[in-house]
Amino acid sequence: MRISGIAIGSFLLVNWATAMATDMECGTYTISEDETDGQTMSEIRQTCGEPGEVDGNAWYYKKEEGVTYQLRFDDNGELESITTQ
């Protein structure tokens with residue numbers, strides 16, 4: 001079976017975009033994975049509201065465009081990473 005170059009390129013592009021730093025918009029405020037230092041659970045809750053789901057140190061926000069953002073916090077409540085699902 002042959003896989004076309006377009007299919008492989010599309011797959012790689014999607015995986016590359018997922019691996020890139022992620023930003024999440026909350027109104028006019030942007031939470032950026034590039035600037036995780038100092039962003040705490042309480043600050044994000046105040047800016048973005050309650051997450052749709054909480055699983056331990058991971059918060060999930062589902063946005064209108066159908067993307068779910070996972071915000072992972074360390075044990076001190078500071079943001080470590082943002083990924084999309």
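Look above for the structure.
Since we're looking at a predicted model, the values are computed, not measured.

Draft legend 1. Summary view of the overall build of the chain. Along the chain, the regular secondary structure elements total two helices and six strands. Each helix and strand of the chain, placed in order from N terminus to C terminus, yields the pattern α-β-β-α-β-β-β-β. The buried share of the chain, reckoned over its 85 residues, is 27%. Pairs at least 24 apart in sequence give 31% of the contacts found in the chain among residues at least 6 apart. For the chain, the exposed surface amounts to about 5900 Å²; the carbon and sulfur share of it is 50%.

Draft legend 2. A look at the pairing of strand E5 (residues 68-73). Burial runs high along E5: five of the six residues are buried. In this structure, the hairpin formed by strand E4 (residues 58-62) and E5 is closed by a connection of five residues, where Gly66 is found at a positive phi of approximately 85°. Here E5 pairs with strand E6 (residues 79-84) via five bridges, running antiparallel. Pairing of Gln70 across the sheet is with Thr83, part of E6.

What counts, and where the lines are drawn
- Residues numbered from 1 in each chain as written.
- Predicted model: local features only at pLDDT ≥ 70, side-chain atom pairs only at ≥ 80, totals over all residues.
- Heavy atoms only, no water.
- Helix = DSSP H or I, 4+ residues; strand = E, 2+ residues; numbered from the N terminus.
- Buried < 20%, exposed > 50% of the residue type's maximum accessible area, 1.4 Å probe, protein only.
- Contact = heavy atoms within 4.5 Å.
- Areas by Shrake-Rupley, 256 points an atom, 1.4 Å probe, with all protein chains shown as cover.
- Pairing = 2+ DSSP bridges.

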